[in-house]
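# Structural overview
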Amino acid sequence: KAGVTQTPRYLIKTRGQQVTLSCSPISGHRSVSWYQQTPGQGLQFLFEYFSETQRNKGNFPGRFSGRQFSNSRSEMNVSTLELGDSALYLCASAFRLNTEAFFGQGTRLTVV
Amino acid sequence: KNQVEQSPQSLIILEGKNCTLQCNYTVSPFSNLRWYKQDTGRGPVSLTIMTFSENTKSNGRYTATLDADTKQSSLHITASQLSDSASYICVVMDGNNRLAFGKGNQVVVIP
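The residue numbers shown here count from 1 along each chain, following its written sequence. Key to labels: chains lettered from A, ligands numbered from 1, both in the order written. Reporting in this predicted model follows two pLDDT cut-offs: at least 70 for local features of residues, and 80 or more for side-chain atom pairs to be given and counted; totals over whole chains, interfaces and linings ignore these cut-offs and use all residues. Hydrogens are left out, water is left out, and the side-chain values use all remaining heavy atoms of the structure.

### As for the sheet that holds strand β8 (residues 74-78) of chain A
Residues and elements named next belong to chain A. One open sheet holds the four strands; their spatial order is β1-β3-β8-β7, and the pairing between them is antiparallel. The sheet is open, and its two borders are formed by β1 (5-7) and β7 (64-68), each paired with just one other strand. The sheet shows a mean angle of 20° between the axes of neighbouring strands, direction not considered. Paired strands are those between which DSSP finds at least two bridges. Labels follow the DSSP assignment, with helices taken as runs of H or I lasting at least four residues and strands as runs of E lasting at least two, numbered in each case from the N terminus. Bridge count for strand β3 (residues 19-24) against β8 is five bridges, and the pairing is antiparallel. Counterpart to S22 in the pairing with β8 is E75. Geometry is summarised by axes, namely lines fitted to C-alpha atoms with helices restricted to the contacting stretch, and by angles between N-to-C directions that run from 0 to 180 degrees.

In structure tokens:
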């Protein structure tokens, strides 16, 4: 069974640009959540989707948005990138809300 | 504000030795507590999940304990191996399904 797949693995963008990250969950999983991880702040929750609806949201500015498609794949978008957005972005999938989550390997975003 | 504090921030241990990582939380109401292991450059992997009624849970050489009264959890690593070198993250879920994350314990096992 394939695990959670995140693409791309690495990304370099310049300030002011926007970026879209992709996450393919484990087959059969309908919940997808996104996290930002930085050395200073650790893991921080961005949002969670289930059945194409955002069910939970963390304390991030509106520049961070996401969506989930009918096949449970999810995308995360960050607009008007700032240097502080440089981080590892992790996606996790679960069978349903509040069940054990399995993480992907993450997308390492560097903003220059 | 829900908070999770982990200690020590980092530690170095000799291969074969045991170590214990601590997690203190102020999350309320409590739903469950999870320990994750994160190898460098990879996503976190779940080690244990414990609910209010569980005091101890093991996963191979990893044993987690939970004291819901004092709001403390520990992760004990027995007979450490080089592959145990990683960051160990404590995550607590509250009754409203919100997650609070610790910043991790960085463990380095040396031969």
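### Looking at the sheet that holds strand β7 (residues 62-67) of chain B
Residue and element names in this part refer to chain B. An order of β1-β3-β8-β7-β6 is seen for the five strands of this open sheet, with the pairing classed as antiparallel. If you trace the sheet from one side to the other, it starts and ends with β1 (4-7) and β6 (56-59), each paired once. With direction set aside, neighbouring strand axes in the sheet form an average angle of 15°. The pairing of β1 with strand β3 (residues 19-25) spans four bridges and is antiparallel. For V4, the partnering residue across the bridge sits in β3 and is Y25.

### Structural notes on a nonpolar patch on the surface
All names here are of chain B. A grouping of I12, L14, V108 and I110 is seen on the molecular surface, where their side chains present a nonpolar patch of about 330 Å² in accessible area. Contributing elements (two or more residues each) for the nonpolar patch: β2 (10-14) and β11 (105-110). Examined against the element boundaries, L14 turns out to sit in strand β2. The patches reported here contain residues having more than 30% relative accessible area and no salt bridge. Joining distances are 9 Å for like charges and 5 Å for nonpolar side chains (Val, Leu, Ile, Met, Phe, Trp, Tyr). Values of accessible area rely on a 1.4 Å probe in the Shrake-Rupley scheme; residue burial ignores everything except the protein chains shown. Salt bridges are counted wherever a side-chain nitrogen of Lys or Arg sits within 4 Å of a carboxyl oxygen of Asp or Glu.

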